[in-house]
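# Coordinates in review
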Amino acid sequence: MEKLDSENHKSGCLVCGRELVYHDTYESRECFYCKQSYETNVTCAAGHYICDSCHSLSAINIIRQFCDSSELTDPLRMALILMRHPAVKMHGPEHHFLVPAVLLAAYYNLTGEAAKKKEKIEQAEKRAKQILGGFCGFYGDCGAAVGTGIFLSLITGATPLSVDSWRLSNLMTAESLRSVALHGGPRCCKRNTYLAILEAARFLKENLNIRMDISSKIKCEFSPLNKECLKEGCVFYSGYKG
Ligand SMILES: [Zn+2]
Ligand SMILES: [Zn+2]
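Residues numbered from 1 in each chain as written. Chains lettered and ligands numbered in written order. Predicted model: local features only at pLDDT ≥ 70, side-chain atom pairs only at ≥ 80, totals over all residues.

### Considerations on the nonpolar core
One finds Leu82, Ala101, Val102, Leu104 and Ile197 to be the most contacted residues of the largest nonpolar core, which totals 65 residues. Of all the secondary-structure elements, those providing two or more residues to this core are α2 (59–69), α3 (75–83), α4 (94–110), α5 (114–128), α7 (143–156), α8 (164–183) and α9 (189–208). Three or more residues apiece are contributed to this core by two domains, here domain 1 (2–54) and domain 2 (58–233). (Core = buried A, V, L, I, M, F, W, Y, C linked by C-beta atoms within 7 Å. Buried ≥ 20, exposed ≤ 12 C-beta atoms within 10 Å, placed from the backbone. Helix = DSSP H or I, 4+ residues; strand = E, 2+ residues; numbered from the N terminus. Domains from an automatic or database assignment.)

Laid out in C-alpha cells, this is it:
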C-alpha cells in the first residue's frame, strides 16, 4: 500500500482532510456524496471515497447531489461537509441554496418523508437563484437568512395568499436575519450559515414541535481562508473567549 500525503494532491480527502491512500487492488466503493458504487483503488485514510463526477461538480450541483442522497438528520453537519468541497467557496451565493437544501434534507430524513425531498430541494434551488451575491450588504437581507424562509415556505406549502404558513415563513426569515444582524459585519457566509441553521432548528422546535439533531459545538475550520474573519469576535472561532 503506497501512501501519498496531501501535499501531492491539491488537497486531501474532501470529506475529512486526511491523506489519500492508493490501495493495491480495485474494489467496489460507495461515493460519499452520491452513494453510487464504483470500482476504485483510492480512498482517504479514513475510508472515504469520492467519485470523479462528484469531485468535479459545481457548488450548486454538489449541494443538490449530496442533499438528495444523504440520510443525515443534522443540517449543520451536512453544511460543514459541503463547505469542505472545493467548489463551495469561502463566500458566495451558493450558501443561499446550501441553507435551505441541508435543512430540507435533514427535515425530510427526520420525518421519514424522503420521497418529497428531491422535488423540494429542486424548488429551493430555483428560488435561491434569485438571491444574488452581496444581498446582505446591498439589500440588508442576508441570503442565508432568506434561505431559512425558503425552507419554511417549502415545508409548510406557503404562497403569497397563505395565512399561517405565510406568517411562519416570514417570521423564520425575520428571526434568522435578526440573529445574523446582531452578530455584526463584515459578511461571513460561514458564520451566517451556522447562525441561520441554528435559528431554523430552534424555530422548528418552538413552532412545529420538531427537534432536529444539531451538532453541539461548532468550531469553524474556515477562519484561515477568510481575511475578514472576526476571530476572537466570532462565536464560532476556535479561540472565542465569549
Ligand atoms: Zn476522508
Ligand atoms: Zn459521487
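The discussion continues.
### Structural notes on unusual backbone geometry
For the bond running from Gly185 to Pro186, omega is -5°, close enough to zero to count as cis. Mapped onto the elements of the fold, Pro186 is located in the loop between α8 and α9. Although it is not a glycine, Lys35 adopts a positive phi angle of roughly 65°. Turning to its location among the elements, Lys35 is positioned in the loop between β2 (20–30) and β3 (37–44). Unlike most non-glycine residues, Asn209 shows phi in positive territory, near 55°.

### Digging into the packing of α5 against α7
Their axes nearest at 10 Å, the elements α5 and α7 cross at an angle of 140°. Between α5 and α7, the crossing angle belongs to the class labelled oblique. Here the hand of the crossing between α5 and α7 comes out right-handed. In contact with Lys120, Gln123, Ala124, Arg127 and Ala128 of α5, α7 contributes Gly147, Ile150 and Leu154. (Axes fitted to C-alpha atoms, helices over the stretch in contact; angles between N-to-C directions. Parallel < 35°, antiparallel > 145°, perpendicular 65-115°, else oblique. Left-handed = near helix turned anticlockwise from the far one by under 90°. Contact = placed C-beta atoms within 7 Å.)

### Description of α7
Its 14 residues give α7 an end-to-end C-alpha distance of 20 Å, which sits within 8% of 20 Å, the value for a rise of 1.5 Å per residue. α7 sits mainly inside the fold: 13 of its 14 residues count as buried. After α7 finishes, the residue Gly157 shows a positive phi value of roughly 70°. (Expected span 1.5 Å × (residues − 1).)

### Description of the packing of α2 against α4
Where α2 meets α4, the closest approach of the two axes is 10 Å, and the angle between their N-to-C directions is 5°. As the angle between them shows, α2 and α4 are arranged roughly parallel. Taken together, the residues of α4 that come into contact with α2 (itself represented by Ala59, Ile60, Ile63, Arg64 and Cys67) are Glu94, Phe97, Leu98, Ala101, Val102, Leu104 and Ala105. Across the contact of α2 with α4, the residue classes tally to ten nonpolar, no polar and two charged. (Nonpolar A, V, L, I, M, F, W, Y, C, P; charged D, E, K, R; others polar.)

### With respect to the pairing of β2
Of the pairings in the sheet, the one linking β2 to β3 comprises seven bridges and is antiparallel in character. In the strand pairing of β3, Ser28 is matched with Glu39. (Pairing = 2+ DSSP bridges.)

### Some words on the domain arrangement of the protein chain
Splitting the protein chain by domain gives domain 1 (2–54) and domain 2 (58–233). The centre of domain 1, based on its C-alpha atoms, is set 28 Å off from the matching centre of domain 2. Taken residue by residue, the interface counts seven residues in domain 1 and eight residues in domain 2. Classifying every residue of the side of domain 1 that touches domain 2 by side-chain character gives five nonpolar, one polar and one charged.

### Points about the confidence of the model for the protein chain
Close inspection of predicted coordinates is inappropriate for parts of the model with low pLDDT. In this model, the protein chain carries a mean pLDDT of 92, and residues with pLDDT of at least 70 account for 95%. Put simply, strand β1 (residues 2–3) is where the protein chain has its lowest mean pLDDT, 36, and α7 is where it has its highest, 98. Below pLDDT 50 for its whole length, residues 1–9 participates in 15 contacts with residues either more than four positions away or in separate chains. (pLDDT = per-residue confidence, 0-100.)

### Things to note about α8
The α-helix advances 3.6 residues per turn, and as a result positions three or four apart in sequence lie on the same side. Its 20 residues give α8 an end-to-end C-alpha distance of 29 Å, which sits within 8% of 28 Å, the value for a rise of 1.5 Å per residue. All of the buried residues along α8 are Ser169, Met172, Thr173, Glu175, Ser176, Leu177 and Val180. Buried positions along α8 lie against α7 and α9. Looking at the residues trailing α8, positive phi occurs at Gly184, about 90°.

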